[in-house]
Amino acid sequence: MTPPPTAAPALPAPAAVDTRPARDPAGRRTHPATGGALVLAGMLLVALNLRAVVTSLGALLDEVRDGLGLSGAMAGLVTTLPTIAFAGLGALTPWLVRRVAPARVLVVAMLALVAGQVLRAATDSAWIFVLTSALALAGIAVSNILLPMLVKQHFPQRTGLVTGAYTMALTLGTTVAAASAVPIAHAFGSWRAGLGVWAAMAAVAVLPWVPLALRTRAGGRRATPTGAAVPTRVRPARTRLGWAMAIYFGAQSLSGYAIMGWLAQLFRDAGYQPESAGLLLAGVTALGVPIALLMPTVAGRLTSLRPLVLGLTTASTLAYLGLAIAPNGPALLWVTLLAIGQGAFPMILTAIGLRARTAEGTVALSAFAQSTGYVIAALGPLSVGILYEITGGWTAPIGFLLAALAVQTAAGMAIARPRYVEDE
């Protein structure tokens, strides 16, 4: 995926055939209206699919449990699978792209997503449902890591704009799948349709990558130019910046998954009807679409990310306090503030590209930050659920989220100033 690493801290010189932004993955020059447009279209289509497999299942979980006879433990396993897959399989992506070209990796990842969604919608076995869900999530896990690297490789001068575009597509796909999975299932008379229909969208995402894969050579097999220094591998786990990025990514994902899993229940406990509570939860995601588009552009233009880090923390803090003190008060205000605070997700995706000099550094940082971060994120819904069950209220769970926000803010301040993982 990533062109071979370079020994110099700067972007590869024109003599190197790996990651020149003006060339395609095969080393040929691309016209911005052709090759660049194809890569961008492919990235946006991939991004549309990165959460649909998760949110469509969440919307239909009761129907799936009844249809397959899932036990409570197995249902818990299914809902925990995304963070497990994103953490474990995402970490393998740098190893893959040192041996296979990024376009080819994406083709296989998207085909895995297609197959997983089709098979899990067709099976009557609970265990096959779990395994095929894992197959689909494996494709997403790899794609999660690849997208920031592809932005760095193909659009180094437009990192914020392109990251914003694909993050908006991700958010849009998340919202559409969550909102329409149940109506689709009802229209076709089966939960299988509500889950399986998204395989078609994943299949479309394969198409732009096929011609790119056919003309691409594996980055790890390219010969090193005569006289060139042997490239060194970037190891974010050995740097303070890498750990700060992972902690920030993990803490913001922890709150994001906790909100997705429990916000509707909080509003129902406050007296809202189930439909209204669901719409309020959907509002967080819907308001996140324009934020996802604008946030990376703003982050890319700032010398320091400190104002953004503090601004996002302030919005989240006010939202949490409002939900704790007056959950049945101005609910739309709390939802809006939560959506602003969740802008930390597109910001950290942008920061992955901003804090690496090379495409190789970007994929290494992306893999470490996301794989480690999703391990942390898995604690969110679980911890909130335990605290809610023990205390019977929302003060303790919201206190936990505020503590996680404090950790997130401290890590954010550490990554705010400009520096590069290759330099550490």
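Residues numbered from 1 in each chain as written. Predicted model: local features only at pLDDT ≥ 70, side-chain atom pairs only at ≥ 80, totals over all residues. Heavy atoms only, no water.

## Describing the overall build of the protein chain
- Of the regular secondary structure elements, the protein chain holds 19 helices and zero strands.
- Taking contacts inside the protein chain between residues at least 6 apart in sequence as the whole, the part at least 24 apart equals 83%. (Helix = DSSP H or I, 4+ residues; strand = E, 2+ residues; numbered from the N terminus. Contact = heavy atoms within 4.5 Å.)

## As for empty space enclosed by the protein
- For the structure on display, the rule yields four cavities of 30 Å³ or more.
- Reported here for the largest cavity is a volume of approximately 440 Å³.
- Lining the largest cavity are 22 residues, and of these Thr171, Gly256, Met260, Gln342 and Phe345 lie nearest its centre.
- Among the secondary structure elements, those contributing two or more residues to the lining of the second largest cavity are α12 (240-269), α14 (306-325) and α19 (395-416).
- Looking at which element gives the most residues to the lining of the second largest cavity, the answer is α12, with five residues.
- Tallied by class, residues from the lining of the second largest cavity come to 12 nonpolar, no polar and no charged. (1 Å grid on protein atoms, 1.4 Å probe; cavity = no way out; pocket = protein on both sides within 12 Å on 5 of 7 lines; lining within 4 Å. Points joined across faces, edges and corners; volume = space filled by probe spheres on them. Nonpolar A, V, L, I, M, F, W, Y, C, P; charged D, E, K, R; others polar.)

## Considerations on the side chain of threonine 372
- By the secondary structure assignment, threonine 372 is in helix α17 (residues 359-377).
- Judged by its relative accessible area of 18%, threonine 372 is buried.
- Dropping the residues within four chain positions of it, threonine 372 is found in contact with Trp243, Ala246 and Ala367. (Buried < 20%, exposed > 50% of the residue type's maximum accessible area, 1.4 Å probe, protein only.)

## Thoughts on the environment of glutamine 408
- Looking at the element boundaries, glutamine 408 is found in helix α19.
- For the pair formed by glutamine 408 and tyrosine 248, sequence separation is 160 residues and the distance between their alpha carbons is 4.9 Å.
- Look past the residues within four positions of glutamine 408 in its chain and what remains in contact with it is Tyr248, Ala251, Gln252 and Ala344.
- Separated by 3.4 Å, the side chain of glutamine 408 and the backbone nitrogen of glutamine 252 make a polar contact. (Polar contact = N/O pair within 3.5 Å; in protein donor to acceptor, adjacent residues only side chain to side chain.)

## What about the confidence of the model for the protein chain?
- In this model, the protein chain carries a mean pLDDT of 83, and residues with pLDDT of at least 70 account for 87%.
- Note that residues 1-34 has pLDDT below 50 and, in this model, 80 contacts with residues that lie over four places away or in other chains. (pLDDT = per-residue confidence, 0-100.)

## As for the layout of surface pockets
- Taken as a whole, the largest pocket spans an internal volume of roughly 1,900 Å³.
- Looking at the largest pocket, it is lined by 49 residues, and the ones nearest its centre are Gly58, Ala59, Met260, Gly261 and Leu281.
- Elements supplying a minimum of two residues to the lining of the largest pocket: α2 (52-59), α3 (61-68), α4 (72-88), α7 (126-154), α8 (159-188), α12, α13 (274-301) and α18 (379-391).
- In terms of residue count, α4 provides more of the lining of the largest pocket than any other element does, nine residues in total.
- Among the residues making up the lining of the largest pocket, the classes are represented as 26 nonpolar, 15 polar and eight charged.

## So, a nonpolar patch on the surface
- Residues Leu77, Ile84 and Trp127 make up a contiguous nonpolar surface patch of about 310 Å² in total accessible area.
- Note that tryptophan 127 resides in helix α7.
- Given a relative accessible area of 54%, tryptophan 127 falls into the exposed group. (Patch = residues over 30% accessible without salt bridge, like charges linked within 9 Å, V, L, I, M, F, W, Y side chains within 5 Å. Areas by Shrake-Rupley, 256 points an atom, 1.4 Å probe, with all protein chains shown as cover. Salt bridge = Lys/Arg side-chain N within 4 Å of Asp/Glu carboxyl O.)

## A closer look at α8
- Taking 1.5 Å of rise per residue, the 30 residues of α8 would be expected to cover 44 Å, and the 41 Å separating its terminal C-alpha atoms lies within 8% of that figure.
- When the local axis directions of α8 are compared, the greatest deviation, roughly 40 degrees, occurs at serine 180, which is followed within four positions by the proline proline 183.
- Directly beyond the C-terminal end of α8, a positive phi value near 75 degrees is found at glycine 189. (Expected span 1.5 Å × (residues − 1). Bend = angle between axes of the 7 residues up to and from the residue.)

## So, the packing of aromatic side chains
- For the structure shown, the criterion picks out 10 aromatic pairs.
- Aromatic pair phenylalanine 129 and tryptophan 191: ring centres 6.2 Å apart, planes at 80 degrees, arrangement edge-to-face. Taken together, the positions of phenylalanine 129 in helix α7 and tryptophan 191 in helix α9 (residues 191-196) put the pair 62 residues apart, joining distant regions of the chain. The same class applies to phenylalanine 129 and to tryptophan 191, which are both buried.
- With centroids separated by 5.6 Å and ring planes inclined at 55 degrees, the aromatic side chains of tryptophan 262 and tyrosine 388 adopt a geometry described as tilted. Here tryptophan 262 is found in helix α12, whereas its partner tyrosine 388 is found in helix α18, with 126 residues between them in sequence.
- Judged by relative accessible area, tryptophan 262 falls into the partly exposed class, the value being 23%.
- The class for tyrosine 388 is buried, based on a relative accessible area of 19%.
- An aromatic cluster of three or more residues is present, and its members are Phe86, Phe249, Tyr257, Phe345 and Tyr374. (Phe/Tyr/Trp six-rings, centres within 6.5 Å; stacked < 30°, edge-to-face > 60°.)

## Looking at the packing of α14 against α19
- Viewed as axis vectors pointing N to C, α14 and α19 meet at an angle of 175 degrees, and their least axial separation amounts to 9 Å. Here α19 runs roughly antiparallel to α14, going by the angle between their axes. Here Arg306, Val309, Leu310, Thr313, Ser316, Thr317, Tyr320, Leu321, Leu323 and Ala324 of α14 come into contact with α19, specifically with Ile398, Leu401, Leu402, Leu405, Thr409, Gly412, Met413 and Ala416. (Axes fitted to C-alpha atoms, helices over the stretch in contact; angles between N-to-C directions. Parallel < 35°, antiparallel > 145°, perpendicular 65-115°, else oblique.)

## Considerations on the nonpolar core
- Met43, Val64, Trp209 and Met245 are the most contacted members of the largest nonpolar core, which totals 92 residues.
- Excluding residues that lie within four positions of it along the chain, methionine 245 makes contacts with Ile348, Ala351, Ile352, Arg355, Leu365, Ala369 and Ile415.
- Residues Ala319, Leu323, Val384 and Tyr388 belong to the second largest nonpolar core, which totals 26 residues. (Core = buried A, V, L, I, M, F, W, Y, C linked by side-chain atoms within 4.5 Å.)

## A few points about a positive patch on the surface
- On the surface, Arg99, Arg233, Arg235 and Arg238 cluster together into a positively charged patch.
- Its location among the elements puts arginine 238 in the loop between α11 (209-214) and α12. (Lys, Arg positive; Asp, Glu negative; His and termini not counted. Charge placed at Lys NZ, Arg CZ, Asp CG, Glu CD.)

## Quick notes on the pattern of salt bridges
- Within the structure shown, the criterion is met by three salt bridges.
- Salt-bridge contacts for arginine 192 lead to aspartate 124; the nearest nitrogen and oxygen are separated by 2.5 Å. Remark: aspartate 124 occurs in the loop between α6 (102-122) and α7 and arginine 192 occurs in helix α9; sequence separation between them is 68 residues.
- Owing to a relative accessible area of 23%, arginine 192 belongs among the partly exposed residues under this scheme.
- Close ionic contact of aspartate 423 with arginine 357 constitutes a salt bridge, the shortest N to O distance being 2.8 Å. With aspartate 423 in the segment after α19 and arginine 357 in the loop between α16 (344-354) and α17, the pair connects residues that are 66 residues apart, well separated along the chain.
- Overall, aspartate 423 belongs to the partly exposed group, its relative accessible area being 44%.
- Looking at arginine 357, the relative accessible area reads 25%, which means it is partly exposed.

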